[in-house]
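# Architecture and fold: a report
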Amino acid sequence: MTTTHGKALAAGLALLLTAAAGAVGAGSAAAADGTVQLPVLSARLDADAACTAGSAVLATDVPWEQVSLQLTRTWPFASGAGVTVGVVDTGVSASAPALKGRVTAVGDAGTDCVGHGTFVAGLVGAAVADGVRFAGVAQQARILAVRGSDARGAVTAERVADGIRAAVNGGAKVVTVSAALAANTPTLRAAVALAAKKDVLVIAAAVPDTPATATSATDSPPARDYYPAADDGVLSVLDVDVDGKRPTGAYTTDSAAIAAPGDGVVGIGPAKNGHYIGSGASLAAGFVAGAAALVRSVHPELTAARTASLLRSSAYPADVPRLDPYAAVTSVLTGATTPQRGDSASPVHLPADKAAGPLRRALWPASAGLAVIIAVVWLGLVLPRGRRLGWRPSRPESTAESAGSPVPVGVGVGAQGTTES
């Protein structure tokens, strides 16, 4: 993203919202400068905190992240129809208006006390509502809600592994995982391996969401790997802001495969039509999962691995390539991304035309007759005219000289062209 582009998007964001500090689900009000404040959403609730309520504040302008991802250019080419995205998070509220009729839940994951899973699912595929220009990436994709935490958002490797397995067995073709764990486990690796075996693309946050207490660059922990994002076969996603930068104090890693908007982004809540604002790599993973759903809907022949490769190869060049759904969906597939399931693709053969044999046989006499007609016309018109002009067939020079015959006055046409005496 160019600096000019980033400033334009930032200006648009300023007109839309100002991130409000405070508790999850806190009330919203107009700031002193007249900008709208959206309530902030977190990935976890304290034990004594009330469940997240629906927001009463609407985001009526196009969010910067939708402009950055060029979604309005992408939607005419792909919708996500026919693809199910598993959201392994705090659950997804089946009553969220923007996801109405498209949420299937595993167990009790159809409720979402925290609201984070619903927010991520909205980034994947929220539909446009009247008077609201916010929308998810793949608006016709189906959502499979899977609990990857407890009811308050606390995660463990076992819960996340169970969530991945449930999403794979539930028919998801793309799975987004919000958790970023400091340690890997055999069960987590086994769940990722199952997804690869079933041709399911797992997309995961490359790092934990930025800690709320970070206040300076010195608060950033050393770079390291987090799981399941760092496992083989997982598409690891880093979050960036409107200027393409990481937030101050954010966790870092050297193993991220792709970056997407994730800081100060707009999303839906578990109820009502209002919106929240959130930040973190878990949200960036939601955008990439939506883009993967678009790609798999328009290119269903691509394997999960080749879908991930296409998302990376079509991304905007940067230290960590930045997601470009439009380029991914509209890319002309080459040998690097064409599907190779099973045996190599056989050559294309045109169907045999049973009438072609008799037709060719019938054309032979007609062609011969036409040749005779042309010959007769040539003999009847060209030869008499040639005689009148004194034309005679040319002979080799050596023959003419040996016979002592002079070349007649007039025009002679021979092997060397036209000569005059």
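Now for a description of the structure that goes with this document.

The rules behind each value
Residues numbered from 1 in each chain as written. Predicted model: local features only at pLDDT ≥ 70, side-chain atom pairs only at ≥ 80, totals over all residues. Heavy atoms only, no water. Phe/Tyr/Trp six-rings, centres within 6.5 Å; stacked < 30°, edge-to-face > 60°. Helix = DSSP H or I, 4+ residues; strand = E, 2+ residues; numbered from the N terminus. Buried < 20%, exposed > 50% of the residue type's maximum accessible area, 1.4 Å probe, protein only. Lys NZ or Arg CZ within 6 Å of the ring centre and 35° of its normal. Polar contact = N/O pair within 3.5 Å; in protein donor to acceptor, adjacent residues only side chain to side chain. Contact = heavy atoms within 4.5 Å.

### Details of the packing of aromatic side chains
Scanning the model with the defined rule gives 2 aromatic pairs in all. Ring geometry for Phe 77 versus Tyr 326: centroids 6.0 Å apart, planes at 70°, classification edge-to-face. Of this pair, Phe 77 sits in the loop between helix 3 (71-74) and strand 3 (84-89) while Tyr 326 sits in helix 9 (residues 325-330), and the two are 249 residues apart along the sequence. Looking at Phe 77, the relative accessible area reads 47%, which means it is partly exposed. Classification of Tyr 326 by relative accessible area gives partly exposed; the value is 21%. Judged by centre distance (6.1 Å) and plane angle (75°), the ring pair of Tyr 226 and Tyr 251 falls under edge-to-face. Placement of Tyr 226 in the loop between strand 7 (201-205) and strand 8 (234-240) and of Tyr 251 in the loop between strand 8 and strand 9 (258-261) is noted, with a sequence separation of 25 residues between them. When its relative accessible area of 6% is taken as the criterion, Tyr 226 is described as buried. Sitting over the ring of Tyr 326, Arg 73 keeps its end group 3.8 Å from the ring centre. The residue whose ring lies beneath Arg 224 is Tyr 226, and the NZ or CZ to ring-centre distance is 5.0 Å.

### A short note on the side chain of Asp 112
Inspection of the secondary structure assignment puts Asp 112 in the loop between strand 4 (103-105) and helix 4 (116-125). In terms of polar contacts, Asp 112 uses its side chain to reach the backbone amide nitrogen of Val 114, at 3.4 Å. Within the structure, Asp 112 has its side chain in polar contact with the backbone nitrogen of Gly 115 (distance 2.9 Å). Non-local contacts of Asp 112, meaning those with residues more than four positions away in its chain, are made with Thr 90, Gly 91, Val 92, Ser 93, Gly 117, Thr 118 and Pro 270.

### So, unusual backbone geometry
The phi angle of most residues is negative, glycine excepted, and most peptide bonds adopt the trans form. Here the residue pair Tyr 227 and Pro 228 is connected by a cis peptide bond, since its omega of 10° sits within 30 degrees of zero. In this fold, Pro 228 is placed in the loop between strand 7 and strand 8. Backbone geometry places Lys 272, a non-glycine residue, at a positive phi of 65°. Within the secondary structure layout, Lys 272 lies in the loop between strand 10 (263-268) and strand 11 (275-279).

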